[in-house]
Amino acid sequence: MTVKGSDLRELLASSTPDPTLVLVEGGLHIVQVDDLDTDAYRGALLLVSRQELLARGVDENSPDEVLEQQAAAVSTAVNQLGG
């Protein structure tokens, strides 16, 4: 599973309140953090939230290279989990 910089840019620009990027059945989805408690997203693997990225100094105006570096770190962490 590979997260791309464009996935993170979409997360950062999302109008969803408290958006998080999750992995559900092999697909990436941006959902409100509260939705993780619903049946539709039960068992989803939370990859990263907008708040986490902002805390790392990454925002929607960050250069593509920075987003790609962050995406690679998320992808590596997920792959190490076997996701």
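Placed above this text is the structure.
Residues numbered from 1 in each chain as written. Predicted model: local features only at pLDDT ≥ 70, side-chain atom pairs only at ≥ 80, totals over all residues. Heavy atoms only, no water.

**Student:** Can you explain the nonpolar core? Please cite residues and give values.
**Tutor:** Ranked by size, the top nonpolar core spans 14 residues in total, and within it V3, L8, L21, L47, V48, L53 and V74 carry the most contacts. Looking at this core, the elements with two or more residues in it are α1 (5-13), β1 (19-24), β3 (45-49) and α3 (64-81). A per-element tally of this core places α3 first, with four residues. Those residues in contact with L8, other than ones at most four positions away along the chain, are V3, L21, V48, L53, L67, Q70 and A71. (Core = buried A, V, L, I, M, F, W, Y, C linked by side-chain atoms within 4.5 Å. Buried < 20%, exposed > 50% of the residue type's maximum accessible area, 1.4 Å probe, protein only. Helix = DSSP H or I, 4+ residues; strand = E, 2+ residues; numbered from the N terminus. Contact = heavy atoms within 4.5 Å.)

**Student:** Residues and numbers for the packing of α1 against α3, please.
**Tutor:** Think of two packed helices as two axes; the pair is described by the angle between the axes and how far apart they sit. Two numbers describe how α1 lies on α3: the axes approach to 7 Å, and their chain directions differ by 100 degrees. In terms of orientation, α1 and α3 fall into the roughly perpendicular class. Residues G5, S6, L8, R9 and L12 of α1 touch α3, and the partners they reach there are D64, L67, E68, Q70 and A71. Of the residues in the contact of α1 with α3, the class split is four nonpolar, three polar and three charged. (Axes fitted to C-alpha atoms, helices over the stretch in contact; angles between N-to-C directions. Parallel < 35°, antiparallel > 145°, perpendicular 65-115°, else oblique. Nonpolar A, V, L, I, M, F, W, Y, C, P; charged D, E, K, R; others polar.)

**Student:** Help me get a handle on the pairing of β1, residues and values and all.
**Tutor:** With six of six residues buried, β1 lies mostly within the body of the structure. Going residue by residue along β1, you find P19, L21 and L23 tucked away on one face and T20, V22 and V24 tucked away on the opposite face as well. Pairing between β1 and strand β2 (residues 27-32): six bridges, direction antiparallel. Within the sheet, the bridge partner assigned to L21 lies in β2 and is I30. Turn length for the β1-β2 hairpin, with the two strands adjacent in sequence and antiparallel, is two residues, and the turn residue E25 shows positive phi of about 50 degrees. (Pairing = 2+ DSSP bridges.)

**Student:** Can you break down the sheet that holds β1 residue by residue, with the values?
**Tutor:** Ordered in space as β2-β1-β3, the three strands form an open sheet in which the pairing is antiparallel. In the strand order of this sheet, the two ends are held by β2 and β3, each with one partner. Ignoring which end each strand starts from, the neighbouring axes of this sheet average 30 degrees apart. In the packing of α1 onto the sheet, the strands contacted are β1, β2 and β3, and the crossing angle to β1 comes to about 135 degrees.

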